[in-house]
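Residue-level structure breakdown
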Amino acid sequence: MGYAHVYAHEIMHRGRVPMEPADFVPDWADRPRKAKFHPDAETLPLPESPEPPEQAAGAGRGFTLPLLSGMLRDSYGLTGRRLAVQANTDLAALPHYTHANWSRGTASGGGLYPVSVHWAAGPGGPLAPGLYHYAPHQHGLRRLLTGDVTGEVRSALGPGAGAASAATQYLVLGVKYWQNAFKYNSFSFHAVSMDVGALVQTWRLWASRYGLRIDPVLWFDEERLARLLGVAPEEEGIFAVVPLTWDGAPGAGRPGAAPAPAVTPAPAAPPEATPAAAPAVRHRDVERSRRVIVFETLRRIHEATAGRAADRPAPDALDAAAAFPPRGGDPLPLPAPPAPPVTTRRALRERRSSFGRFDASRPLAAGPFAAALADCAATAYGTEAERPGGPPLTSLYAFVNHVEGIAPGAYAYDPAAHTLRLRVPGPPGSFLQRNYFLSNYNLEQAGAVIVPTVRTTAVLDAVGDRGYRLVGATIGAVAQTFYTTAAAFGLGAGVALGFDNISYREELGLTGTDEAPLLIMLLGHDRPRPADFRHEIA
């Protein structure tokens, strides 16, 4: 049993046994920047493109620079300023421009956005081959290295990466731990794993509207990629590599196109020769904080999940960690999910957290509630370790407060039959509020609270400690789907981690199983006519 099992146990019990350091207080005056900063790097602006007709601009052929720019803007780029009156604890600081909270299409724990996006651009693309960092505040690309390094990425992916080995363009996702750990210390690894999944799911939702695929690779030589990006492995984890099919490349989806040539990864250089021979960026990130703290728990879970990172599991390894069949009372049919009334891009631009603005006087309609359940159940992280068509890793439970036509209670969702099965009858509001630790939500006012679970220890047993990153990213992907669906239907939404996980396991009758409730997702109507700041006319 690896250290990831220990960390998973501490995460599940942190509502009752605080994680060390229990007395930690963030130094907000010395907080890090909200994005990486390369002061000497050239920044190339990305084109601002209006939303093209869906299924037309890409039409499954491949990405173009305007499409990639739009996907980055609508996922991690700054799309508006948040200054609505709400119940979160940081409201007093937000009117000051230096503390402004800028909205993005992707959700992030604490609104910290610690994921760094690098583009390894190879031949056949719109830019000179090289390594670029996406600068979200400028919506541009910082050139960190000139020259084709995609061969180095392919070598890091190693054998068994499938179609990813034939790509000439890659997005590489890293997490600079201090951007989150300065606030959440040992808990931060759990949060940033979800952040990566949320970002990848935003890309998948966005790209699918144009017939394009997003298939992240999770197992690779992490140390080799960290060296390429010029980051200290103990300070930044490399969490995913996303190959891109580029328009105009051989076999990029055009009718009758020849298949892409097979690319054989270059053999890895001997360990003693690799550091001298391998390319690495010259421009390095400059830290703002004068004091960077190393948390022992964070260091250990990073080492555990980075170790043996290139040992890719068998395609069917995760079958042993599949979600259990839903259990409960007689099935309660749900209405067919209605079609979302707005586009994915508009939903991402309007996504936000409700933070205490739920209004129980208007019950939640059963249709959008059913759509949220169906969309979340269909969500997977989609890595090379997850067999296409294989069993899901997540189960969904719903605490119903105020939903039209559904009696209050706790239910298990059956995605195959699109029904609910009663687990606990009666209004759940008292339980929900009693086991929530923060003051920014009244959970009883939400129409429903949806809870995704994963058999965390079964995943770790099946694929090793690196599977903890897969668990977190899977839950993060579900959360992003939830937010996007809620925004598409004009509903209030909120996702929270500050609850007693063990109490939820007990309430849902999951004691004795390895199902881990890792997130709560609140859905309902917000109060009408909220006070807000019109940043676009300021």
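For every chain, the first residue of the written sequence is number 1, and numbering continues from 1 onward in sequence order. A pLDDT threshold of at least 70 governs which residues receive local features in this predicted model, and a stricter bar of 80 or more applies before side-chain atom pairs are shown or counted, although totals over entire chains, interfaces and linings include all residues. Excluded from the side-chain calculations are hydrogens and water; all other atoms, namely the structure's heavy atoms, are used.

A few points about the sheet that holds strand 5 (residues 130-135)
Strand order in the open sheet formed by six strands is 1-6-5-4-7-8, and the pairing between neighbours is antiparallel. At either margin of the open sheet sits one strand with a lone partner, and together these are strand 1 (42-45) and strand 8 (236-244). Shown here is a sheet whose adjacent strand axes are inclined to one another by a mean of 30 degrees, direction ignored. Strands pair, by our definition, only if DSSP identifies at least two bridges between them. Note on conventions: DSSP H or I runs of at least 4 residues are helices, E runs of at least 2 residues are strands, and numbering of each starts at the N terminus. Relative to strand 7 (residues 169-176), strand 4 (residues 115-121) is paired through seven bridges, and the arrangement is antiparallel. In the sheet register, Ala120 faces strand 7, and the bridge partner there is Tyr170. Here, residues are in contact when the closest pair of their heavy atoms is within 4.5 Å. Note on method: axes are straight lines fitted to C-alpha atoms, helices fitted across the in-contact stretch only, with angles between N-to-C directions ranging 0 to 180 degrees. Across the sheet, helix 6 (residues 222-229) touches strand 4, strand 5, strand 7 and strand 8, and the angle it forms with strand 8 is around 90 degrees.

Some remarks on helix 12 (residues 456-463)
Under the scheme applied here, a residue whose accessible area is under 20% of the maximum for its type counts as buried, over 50% as exposed, and between as partly exposed, the area being computed with a 1.4 Å probe on protein chains only. All of the buried residues along helix 12 are Thr456, Ala458, Val459, Leu460 and Val463. Residues of helix 12 that are buried make contact with helix 1 (3-13), strand 13 (448-455), helix 13 (467-488) and strand 15 (515-517). The positive-phi residue at the C-terminal boundary of helix 12 is Gly464, with phi of around 90 degrees.

Overview of the packing of aromatic side chains
Here a Phe, Tyr or Trp ring, Trp counted by its six-membered ring, pairs with any other such ring whose centre lies within 6.5 Å, and the pair is stacked when the planes are under 30 degrees apart, edge-to-face when over 60, and tilted otherwise. This structure, assessed with the given rule, holds 22 aromatic pairs. Summarising the aromatic geometry, the rings of Trp28 and Phe182 are spaced 5.4 Å apart at their centres and angled 90 degrees between planes, so their arrangement reads as edge-to-face. On the criterion of sequence distance, the pair formed by Trp28 in the loop between helix 1 and strand 1 and Phe182 in helix 4 (residues 178-184) is long-range, its members being 154 residues apart. For Phe182, a relative accessible area of 2% corresponds to the buried category. Geometrically, the ring pair formed by Trp178 and Phe182 is edge-to-face, given 6.4 Å between the ring centres and 65 degrees between the ring planes. Of this pair, Trp178 and Phe182 both sit in helix 4, four residues apart, roughly one helical turn.

Digging into the pattern of salt bridges
For this document, the term salt bridge refers to a Lys or Arg side-chain nitrogen within 4 Å of an Asp or Glu carboxyl oxygen. As enumerated under the stated definition, the model contains 24 salt bridges in all. Salt-bridge contacts for Arg469 lead to Glu222; the nearest nitrogen and oxygen are separated by 3.1 Å. Of this pair, Arg469 sits in helix 13 while Glu222 sits in helix 6, and the two are 247 residues apart along the sequence. Residue Arg469 shares its accessibility class with Glu222, and that shared class is buried.

Section: empty space enclosed by the protein
Buriedness of a pocket was judged along seven lines, with at least five required to meet protein on both sides within 12 Å; pockets are open sets of points on a 1 Å grid over the protein atoms alone, cavities are sets where a 1.4 Å probe fits but cannot get out, and lining residues have an atom within 4 Å of a point. Grid points are joined across faces, edges and corners, and a volume is the space filled by probe spheres set on the points. Evaluation of the coordinates by the stated rule reveals three cavities of 30 Å³ or more. A volume near 80 Å³ is recorded for the largest cavity. In this structure, the largest cavity is lined by 14 residues; those nearest its centre are Ala35, Val115, Ser116, His133 and Pro136. Counting residues per element, the lining of the largest cavity draws most heavily on strand 4, which supplies three residues.

Here's the deal with the side chain of His418
Examined against the element boundaries, His418 turns out to sit in the loop between strand 11 (409-414) and strand 12 (419-425). In this structure His418 comes out as buried when scored by relative accessible area, which is 14%. Leaving out residues up to four positions away in the same chain, His418 has contacts with Pro333, Leu334, Pro335, Ala336, Pro337, Ala370, Ala374 and Tyr413.

Digging into the confidence of the model for the chain
Should pLDDT be low for a region, the predicted coordinates there are not to be read in detail. For every residue, the predictor assigns a confidence score, pLDDT, that lies between 0 and 100. Mean pLDDT over the chain stands at 90; residues scoring 70 or higher make up 87%. pLDDT under 50 marks residues 253-275. Its contacts with residues more than four places away, or in other chains, come to 26 contacts.

Some thoughts on unusual backbone geometry
A negative phi angle characterises most non-glycine residues, just as the trans form characterises most peptide bonds. Here the bond from Glu20 into Pro21 is cis, since omega is -5 degrees, no more than 30 degrees from zero. Looking at the element boundaries, Pro21 is found in the loop between helix 1 and strand 1. Here the phi dihedral of His139 falls at roughly 45 degrees; this positive angle occurs in a residue that is not glycine. Note that His139 resides in the loop between strand 5 and strand 6 (140-146).

A few points about the pairing of strand 6
Among the seven residues of strand 6, five are classified as buried, and the element is accordingly described as predominantly covered. Examined bridge by bridge, strand 1 and strand 6 share four bridges and lie antiparallel to one another. When the sheet's bridge partners are listed, Thr43 is paired in strand 6 with Arg142. When strand 5 meets strand 6, the two strands line up antiparallel, connected through six bridges. When the sheet's bridge partners are listed, Tyr132 is paired in strand 6 with Arg143. Hairpin remark: strand 5 followed by strand 6, antiparallel, with four residues in the connecting loop; positive phi at His139, about 45 degrees.

A short note on the packing of helix 3 (residues 150-157) against helix 6
With their axes 8 Å apart at the nearest point, helix 3 and helix 6 run at an angle of 160 degrees to one another. Looking at the two axes, helix 3 sits roughly antiparallel to helix 6. Of the two possible hands of crossing, helix 3 and helix 6 adopt the one that is left-handed. In this structure, helix 3 uses Glu152, Val153, Ser155 and Ala156 to contact helix 6, whose residues at the interface are Arg224, Leu225 and Leu228. Each residue is assigned to one of three groups, with Ala, Val, Leu, Ile, Met, Phe, Trp, Tyr, Cys and Pro labelled nonpolar, Asp, Glu, Lys and Arg labelled charged, and all others, Gly among them, labelled polar. Of the residues belonging to the contact of helix 3 with helix 6, the class tally is four nonpolar, one polar and two charged. In what follows, roughly perpendicular refers to angles from 65 to 115 degrees, roughly parallel to angles under 35, roughly antiparallel to angles over 145, and oblique to any angle outside these ranges. In this scheme the crossing of two helices becomes right-handed for a clockwise turn of the near helix relative to the far one and left-handed for an anticlockwise turn of less than a right angle.

Thoughts on helix 13
Each helix should span, by expectation, one fewer than its residue count multiplied by 1.5 Å. Counted at 1.5 Å a residue, the expected span for helix 13 with its 22 residues is 32 Å, and the 32 Å between its end C-alpha atoms agrees. With respect to burial, helix 13 is a largely interior element, 22 of its 22 residues being buried. After helix 13 finishes, the residue Gly490 shows a positive phi value of roughly 70 degrees.

Quick notes on the side chain of Thr383
Mapped onto the fold, Thr383 is located in the loop between helix 10 (366-377) and strand 10 (394-400). Judged by relative accessible area, which is 3%, Thr383 ranks as buried.

Section: the pairing of strand 16 (residues 520-524)
Of all five residues making up strand 16, five are buried, and the element is well covered by its neighbours. Residues Ile520, Leu522 and Gly524 point to one face of strand 16 and Met521 and Leu523 to the other, with burial holding for every one of them. Alignment of strand 13 against strand 16, held across three bridges, turns out to be antiparallel. Each residue of the ladder has a partner; that of Val449, found in strand 16, is Leu522. Relative to strand 16, strand 14 (residues 492-496) is paired through five bridges, and the arrangement is antiparallel. Considered in strand 16, the bridge of Val495 is made with Met521.

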